[in-house]
Amino acid sequence: MAPEKLPRGLWHRKRREQHGSREKPKENPSYGLADSDSSAIESAIVFFQFRKSRAVQNGNGFFVHVPGAQRDVIFTAGHNLIDEKGERSTELRIWWQGQQDWVTVAPEDVRISAQYEANPTPASAIDDYGAILLPEPDPRARAPPRPGFGFALKLAEEERFEYPFFVTTYKAGTFIGEDARPLTSSDMCVNPIVNKNQLEYLAETQPGVSGSPVWVGYNKQVTVVAIHNYGPRIAHGPRRNKPGYGSRGTRISLRVLREIFSWAGVLETNKQLRVAVPPRNNDDDDEDDEDEGLEYEGDDYEGGGLDDDDDDDAETPPTPPPLPLSLTWSPQDRILRVVAGSSHEPSLTRFFALPVYASTLVPGKRPVVEWGFGMGEDADRCLWASWDVERKTATMVPSLRQARLARWERKGGGGGGGAHAVILQWQDDLWELIVKTDPSVVKPWDLRDPGTEFRGVSFKTLDDDVQGSYNRFTLV
């Protein structure tokens, strides 16, 4: 029998590991929408007016659910914000539903892609994006969260989309006011995708709608996949599902989100994922013990106890380890190990971290958020942490679609931006990442030896108590 025909159960252990036994198969995206709240979608669209090249023009933008951001973030096209001569648009004003009048945007609140600003022409179409960061709201106002589009970085890895794309926009010349409503057009994506940083689609667009969201229904959520910025290259004749015949938009990819999230202050770079030991009798725990909206929907996790930290507060904080404990990637073992003190290979302990999935932010509904912990500077060749509860281990995989992702829940204390828990669902339970240090895993004297590595990564359910383990982490 040919080796390829052997059942996996008869493979040698090393072969099973080489064929990704620690990695889940690539996810097949689940497209489609639940009964979406059209009013929430409409209220996330932003109408622009600005002066560029001496003429008053219109454009669009849209609010995006950016977990952890202190300021509301509006994505838009770069050419709404700068002309081809490099001169920034002036008299920039924006409006969205619920506003009585135009809102003036201060120049210091405008961000433009560095690549596009260096060459603001169609030659830089894939980098034709920017953002507006609204001033921080007054915390005393206690305003409800503003609706925002969700995103899924996994979708940036798709080579085809066999599902309609939607473009929701205000047309140029729209009169703002109570009766103003954005319009939505839809049609198919142009396949195959020939430029991984740009999507083409047959949905109808026209001048003045640049910056509009291009979105799909993903996991029953309104999920943005691109920022519309150009019409078809072939402007006349019948529309065809071939490259050149579709409108174009900058794809929501890692390279785009890394830049925008750095502006919004939610991108962590060159950080160690380190054990955080909360101080004893920390009076600030109750104040800091917030999820910042980074929690799963109650319907999906009924009875999960995500907001119930009474048991957590009652636990006796573990004794601090003799040396700091951090996660480190072992390319030889293909797992994440734990290192005490300074690593002999520091680069293998350094991660970047950012939200990689966020559901649509709708008032009155808890959002779903997942974080990615990556390694590598090249956005096209980085590795992603994958948390494997079943095997009580973790590895690094080359694709988000192969990664088992988790939430990054703030728990307060611990320094370095606060202690967090790494929580994910497996089967019918919620589990959290732990580092085990009991003698069966590592000898006590080795914990005092800088550079010692050991297999301490594991998981436990939220209500379990594993002696000699740590379940709080921080990025430092």
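Chemist: Describe the overall build of the chain, naming the residues involved and giving the relevant values.
Modeler: Helix and strand counts for the chain stand at 6 helices and 29 strands. The buried share among the 476 residues of the chain stands at 53%. Contacts in the chain between residues at least 24 apart in sequence constitute 70% of all its contacts with a sequence separation of at least 6. Of the accessible surface of the chain, which amounts to about 22700 Å², a share of 45% is contributed by carbon and sulfur atoms.

Chemist: Would you mind going over the side chain of Thr452 in detail, with residue names and values included?
Modeler: Tracing the backbone through its elements, the reader meets Thr452 in the loop between strand S25 (429-436) and strand S26 (453-454). One polar contact links the side chain of Thr452 to the main-chain carbonyl oxygen of Asp449, over a distance of 2.9 Å. With near-sequence residues (within four places) excluded, Thr452 lies in contact with Val338, Val339, Ala340 and Asp446.

Chemist: Quick one: what's the story with the pattern of salt bridges, residue by residue and with numbers?
Modeler: Within this structure, the stated rule accounts for 19 salt bridges. The residue Asp388 makes a salt bridge to Arg391 at a minimum N-O spacing of 3.3 Å. According to the relative accessible area criterion, Asp388 is buried, its value standing at 1%. On the basis of relative accessibility, which here comes to 40%, the residue Arg391 falls in the partly exposed class. Where Lys460 meets Glu432, a salt bridge forms, and the shortest distance between an N and an O atom there is 2.6 Å. Of the two residues, Lys460 sits in strand S27 (residues 457-461) while Glu432 sits in strand S25, which places them 28 residues apart along the sequence. In this structure Lys460 comes out as buried when scored by relative accessible area, which is 5%. Judged by relative accessible area, Glu432 falls into the buried class, the value being 4%. Via salt bridges that share partners, Asp333, Arg337 and Glu453 belong to a single interconnected network.

Chemist: Could you give an account of the side chain of Gln272, naming the residues involved and the relevant values?
Modeler: By the element assignment, Gln272 lies in the loop between strand S15 (268-271) and strand S16 (273-275). Separated by 2.5 Å, the side chains of Gln272 and Arg274 make a polar contact. Excluding anything up to four places from it in sequence, Gln272 contacts Ser326, Thr349, Arg350, Thr474, Leu475 and Val476.

Chemist: Go over the confidence of the model for the chain with me, naming the residues and quoting the values.
Modeler: Confidence in the prediction of the chain, expressed as mean pLDDT, is 85, and 81% of residues score 70 or more. Counting contacts from residues 1-11, a segment whose pLDDT is below 50, to residues more than four positions away or on other chains yields 10 contacts. For the stretch residues 282-314, pLDDT sits under 50, and the model shows 62 contacts to residues farther than four places along the chain or on other chains.

Chemist: Please give an account of helix H4 (residues 254-264) that cites residues and values.
Modeler: Most of H4 sits inside the fold, with 9 of its 11 residues counted as buried. Turning to H4, its buried residues number three or more, namely Leu254, Val256, Leu257, Arg258, Glu259, Ile260, Phe261, Trp263 and Ala264.

Chemist: Any details on the packing of aromatic side chains? Residues and values, ideally.
Modeler: A complete count under the given rule lists 15 aromatic pairs for this structure. A centroid spacing of 4.5 Å and a plane angle of 20° characterise the contact between Phe166 and Trp215, whose relative ring orientation is stacked. Taken together, the positions of Phe166 in strand S9 (residues 164-169) and Trp215 in strand S12 (residues 213-218) put the pair 49 residues apart, joining distant regions of the chain. With relative accessibility at 5%, the residue Trp215 sits in the buried group. Three or more aromatic residues link up through ring pairs in this structure, and these residues are Phe47, Trp95, Trp102 and Tyr170. Positioned above the aromatic ring of Phe352, the side-chain terminus of Arg258 is 4.4 Å from the ring centre.

Basis of the calculations
- Chains are numbered independently. Their residues run from 1 in the order of the written sequence.
- Local features are withheld for residues below a pLDDT of 70 in this predicted model, meaning they are given only at 70 or higher, and side-chain atom pairs are given and counted only at 80 or more; totals for whole chains, interfaces and linings count all residues.
- Neither water nor hydrogens contribute to the side-chain values; these are computed over all heavy atoms in the structure.
- A run of H or I in DSSP counts as a helix once it spans at least four residues, and a run of E counts as a strand once it spans at least two, with each numbered from the N terminus.
- The cut-offs for exposure are 20% and 50% of the maximum accessible area for each residue type, with area from a 1.4 Å probe on protein chains only; residues under the lower value are buried, those over the upper are exposed, and the others partly exposed.
- Should any heavy atoms of two residues lie within 4.5 Å, those residues are considered in contact.
- The method behind every accessible area is Shrake-Rupley, applied with a 1.4 Å probe, and residues are considered shielded solely by the protein chains displayed.
- We define a polar contact as two N or O atoms separated by no more than 3.5 Å, with the added condition that, inside protein, one atom must be a possible hydrogen donor and the other a possible acceptor, whereas residues neighbouring each other in sequence contribute only through side-chain atom pairs.
- By definition, a salt bridge exists where a carboxyl oxygen of Asp or Glu is found within 4 Å of a side-chain nitrogen of Lys or Arg.
- The quantity called pLDDT is the predictor's confidence in a given residue, expressed from 0 to 100.
- Each Phe, Tyr or Trp ring, with Trp reduced to its six-membered ring, pairs with another whose centre is within 6.5 Å; inter-plane angles below 30 degrees give stacked pairs, above 60 give edge-to-face pairs, and intermediate values give tilted ones.
- The criterion is that NZ of a Lys, or CZ of an Arg, lies within 6 Å of the ring centre and within 35 degrees of the ring normal, and then a charge sits over that ring.

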